[in-house]
Amino acid sequence: MYSFTPTEEQQMLLDAVKRYAEGDIRPASREAEESTELPPELIEKGWELGILQASIPEAYAGFGDYSVLTGALAAEGLAYGDLAATLGVMTPNLFVLPILLAGSEEQKKSFIPPVIEMEWKAYTAALIEPTFDFDPQALETKATQKGKDILLNGEKIYVPYASEAQALLVYADLDGKTQGFIVPGDAEGLSVGERQKTLGIHACPLYSLKLEDVKIPAGNQLNGPDGHSMEGILASWHVALAAMAVGVAQAAYEYAIDYAKDREVFGVKVAQKQAIAFMLAEMGTDIEATRLLTWEAAWMLDEGKEEAYKHAFLAYSGAVDMVMMVTDRAVQILGGHGYIREHPVELWMRNGRGFAAFTGLAMV
Amino acid sequence: MISFEMPKPLVQTRTVVETVAKNMMRPVSRQLDENEHEIPWAYIEFMHTATKALGSSSMAPDEAPQKKKEDPEKKKRPPINYQRLMIMVETLSWGDAGIYLCTPGGMLGAAAVSAAGTPEQKKRFLSRFTGKEPIFDAMAMTEPQAGSDTSAIRTTAVLDEKTNEWILNGEKIFVTAGNKALVDSKGFIVVWASLDLEAGRSGIRSFVIEAGTPGCKVTKMEEKLGIRASDTVSIVLQDCRIPFENILGSPTVEKSTKGYKGAMQTFDATRPIVAASALGVARAALEFVQEKLAEAGKEIRYGIPRQKMTHLEREVIEMEIQLRQAWLLTVKALWMADNKQSNALIASMSKVKAGKVATVITQKAVELMGPLGYSRDFLLEKWFRDAKINDIFEGTGQINLLVVARNILGYRGSQLR
């Protein structure tokens, strides 16, 4: 049976997320962007919602079951508030969820519980590399076997909270395949570079990272020396970003509607002009369409459906274009005011473009 | 709980209809396209027999008979009649969108009767579809001077109090399957006319005119870009008299536009169905492209960065995304209709999206397939022509955008023209 109604539990979570996104994130977002700092208490409050904890089974100290769909619903709700804060709150997901999805039983037992404790801690992941055609399935960072150890060498960028990371999941190429490696934050040969400056999400602390003969035990390879598949992890990145893109787009869309219904032009409201009204109609249509495709991909992943990975990619790919279209139009509808930093639409437009480059920055 | 699992009965429906599409539609597609106005009787007879065997007389979902078994478990099952119709229409249109429009039984006309008619009217007009012969219906709304602007229609209905009959006068154009409803079978058309031209929208009502009624005449059969198997006709009403009981809705003109709005609500159900037809044509075109690429050994790589994709890969993936998005909007619109939720917004969204997507996908497919796309040796060029109608009838893409815009902005027609 088709159904488009969230469960009661999901709805409760969504309501809590909405209160946080509207009441806490949104009011703090401009100041965070300008000062390039996410207030720790904002992150803590988001962490207290227990979104990650609720997707971890009791055996690993959580209190729920993993669901991509529930995660996607929450991610959209958070990103509606602000993207940088969302990525901040959800950074530990980047470390925990791949272990949950692809790690060995031993790794799950030892690495997950410390992360999902009461307090938000900087556990993160390093995937992205500084090439224009960056491909998670063809990494430049290399892992080489040396006896019982593994040596990691390479250069990563856009690593959230790398400067204070307790541990990271570093992705590297091992014999032609991308694999995840658990690396302690204080590992020798690991050097964190300068804070990175990007087009958007200024508040999100991103760092470059150098790995020079970083030595870890072979047992720290995700799922041990047998290795693991990347497909589920890749799909989770895709769905998370698609959901967040929908959240960002929804924010811009609603803001543009409110503005257009308020602003007078030639004796009528801007929204009464078809040139504007039609833009809004297309924005609303494409947001809903992208949301449904994202939900479907998430649902397919939860149900273990054939082609779920492909659908996750389709959802993400569609969302990348949709969010750029919507946020660009929101700026356009506000006209000159859209270009001024007094309004948030210029921020959302800059954040919107990022989804094309954010693979690996979010997981659900 | 959110779920995208297609209900099992619908999976079965799709399998059955797919067989029809493959065996009875595709093989005669070209023939019927090149011989406009030839009637696909083999398909029509088959569908008539088949739907009768299934116990369903009408494609108007509210009128489809419910299973009579008193199994309490079964009663709990959520309604899926509109969703079933969507699957049927999508699959039949995948076979051939023109032939699909020749499907006998209740269609748009029946939908209008079903939405606004009394139980007595439903019985009178809808029971005919289960008879021996295949019967058609049609909706006559558009006039030479009134297309999307249905409030501008000038066909009049005047009550002759002596005989208690309505007298209709006017001209209707672009009536889909009008010839089948009035000439090729003993069907009926639903005509939109004004009780009072001064009253504007609030004076507009719909009326049922049965085949054989004097004063109602098919005057022209259009020659079209596509969907050539389906007839599109002009109808002249000249002192056409029908019984008083043939009016759908209230016979008096009130100040409110309730009657007009009621009629417009029919669109909430029919627009996603047109969207479904568009999706079927688009899927046919996309599958053609995918097959030809596979034959040529071209693999589409999913999941790689765009910077590494070929142009062809990007285009095909974009087509898939758009098609799936439009499909999901349509499913949701009809799921809401089945669950009696107000769906005007998403119904129009689905029509906007599907109409556009089908047009773009078929046009793109012809481009990507180069000389093969342009050749009449294949059906792709036909689908390119067939698809375009979906962005035009049952409300153009622009009118549907207007409906969406008014909805999201909370504007009335006077505030957003």
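Calculation criteria
- Residues numbered from 1 in each chain as written.
- Chains lettered and ligands numbered in written order.
- Predicted model: local features only at pLDDT ≥ 70, side-chain atom pairs only at ≥ 80, totals over all residues.
- Heavy atoms only, no water.
- pLDDT = per-residue confidence, 0-100.
- Contact = heavy atoms within 4.5 Å.
- Buried area = accessible area lost by both parts, 1.4 Å probe.
- Salt bridge = Lys/Arg side-chain N within 4 Å of Asp/Glu carboxyl O.
- Domains from an automatic or database assignment.
- Polar contact = N/O pair within 3.5 Å; in protein donor to acceptor, adjacent residues only side chain to side chain.
- Helix = DSSP H or I, 4+ residues; strand = E, 2+ residues; numbered from the N terminus.
- Nonpolar A, V, L, I, M, F, W, Y, C, P; charged D, E, K, R; others polar.
- Core = buried A, V, L, I, M, F, W, Y, C linked by side-chain atoms within 4.5 Å.
- Buried < 20%, exposed > 50% of the residue type's maximum accessible area, 1.4 Å probe, protein only.
- Axes fitted to C-alpha atoms, helices over the stretch in contact; angles between N-to-C directions.
- Parallel < 35°, antiparallel > 145°, perpendicular 65-115°, else oblique.
- Left-handed = near helix turned anticlockwise from the far one by under 90°.

1. Regarding the confidence of the model for chain B
No. 1: Taken as a whole, chain B shows an average pLDDT of 91; of its residues, 93% reach a score of 70 or greater.
No. 2: Across residues 65-69 of chain B, confidence stays below pLDDT 50; counting only partners more than four residues off in sequence or on other chains, it has 4 contacts.

2. Overview of the interface of chain B and chain A
No. 1: Every contact between the two is made by 46 residues of chain B and, on the other side, 48 residues of chain A.
No. 2: Summing both sides of the interface, chain B and chain A together bury roughly 4700 Å²; the carbon and sulfur share of this comes to 65%.
No. 3: When the buried area of chain B at its contact with chain A is split by residue, Ile 2, Phe 4 and Leu 409 of chain B rank highest and sum to 16% of it.
No. 4: Here chain B is connected to chain A by 7 salt bridges.

3. Regarding the domain arrangement of chain A
All names here are of chain A.
No. 1: Partitioning chain A into domains gives domain 1 (8-115), domain 2 (123-226) and domain 3 (231-356).
No. 2: One C-alpha centre belongs to domain 1, the other to domain 3, and the line joining them spans 21 Å.
No. 3: Opposite the 23 residues of domain 1 that make contact, domain 3 presents 28 residues.
No. 4: Taken together, the two surfaces of domain 1 and domain 3 that pack against each other cover about 2000 Å², and 64% of this comes from carbon and sulfur.
No. 5: Of all residues in domain 1, Arg 30, Glu 76 and Tyr 80 bury the most surface against domain 3, accounting for 28% of the area lost on that side.
No. 6: Viewed at the interface, domain 3 and domain 1 are joined by 4 salt bridges.
No. 7: For Glu 34, the salt bridge is made with Arg 341, and the minimal N-O distance between the two is 2.8 Å.
No. 8: Across the contact surface, domain 1 and domain 3 share 10 residue pairs in polar contact (both at pLDDT 80 or more).
No. 9: The greatest single-element share of the side of domain 1 that touches domain 3, amounting to 8 residues, is contributed by helix 3 (residues 68-81).
No. 10: Tallied by class, residues from the side of domain 1 that touches domain 3 come to 14 nonpolar, 3 polar and 6 charged.

4. Description of the nonpolar core
No. 1: Among the nonpolar cores identified, the biggest contains 233 residues, and Leu 280 and Phe 355 of chain A together with Leu 168 and Ile 189 of chain B are the most heavily contacted of them.
No. 2: Here this core gets 21 residues from one element, more than from any other, and that element is helix 7 (residues 231-262) of chain A.
No. 3: If you look at the next biggest cluster of nonpolar residues, it comprises 21 residues, including Ala 126, Ala 143, Leu 168 and Leu 209 of chain A.

5. Some remarks on the packing of helix 7 of chain A against helix 9 (residues 308-334) of chain A
Residues and elements named next belong to chain A.
No. 1: For the pair helix 7 and helix 9, interaxial distance at closest approach is 8 Å and the crossing angle is 20°. One way to sum up the angle between helix 7 and helix 9 is to call them roughly parallel. As for how helix 7 packs across helix 9, the hand of that crossing is left-handed.
No. 2: Split into classes, the residues belonging to the contact of helix 7 with helix 9 amount to 26 nonpolar, 3 polar and 1 charged.

6. Side note on the pattern of salt bridges
No. 1: Taken as a whole, this structure holds 45 salt bridges over all chains when the rule is applied.
No. 2: Close ionic contact of Lys 156 of chain A with Glu 129 of chain A constitutes a salt bridge, the shortest N to O distance being 3.0 Å. Placement of the pair is Lys 156 of chain A in strand 4 (residues 149-160) and Glu 129 of chain A in the loop between strand 2 (123-126) and strand 3 (142-146), with a sequence separation of 27 residues. Residues Lys 156 of chain A and Glu 129 of chain A agree in their burial class; the two are buried.
No. 3: Between Arg 350 of chain A and Glu 346 of chain A there is a salt bridge, with its nearest N and O atoms 2.8 Å apart. Here Arg 350 of chain A and its partner Glu 346 of chain A are both found in helix 11 (residues 345-353), 4 residues apart, which amounts to about one turn of the helix.
No. 4: Linked through salt bridges whose partners overlap, the residues forming this network are Arg 30, Asp 33, Glu 34, Arg 228, Arg 376, Glu 381 and Arg 385 of chain B.

7. A look at unusual backbone geometry
No. 1: One non-glycine residue, Asn 223 of chain A, lies in the positive phi region at around 70°.
No. 2: Relative to the helices and strands, Asn 223 of chain A resides in the loop between strand 8 (206-217) and helix 7.
No. 3: With a relative accessible area of 28%, Asn 223 of chain A lands in the partly exposed category.
No. 4: Phi angles above zero are rare outside glycine, and His 37 of chain B is one such case at about 75°.
No. 5: Relative to the helices and strands, His 37 of chain B is located in the loop between helix 1 (8-34) and helix 2 (41-53).
No. 6: In this structure His 37 of chain B comes out as partly exposed when scored by relative accessible area, which is 27%.

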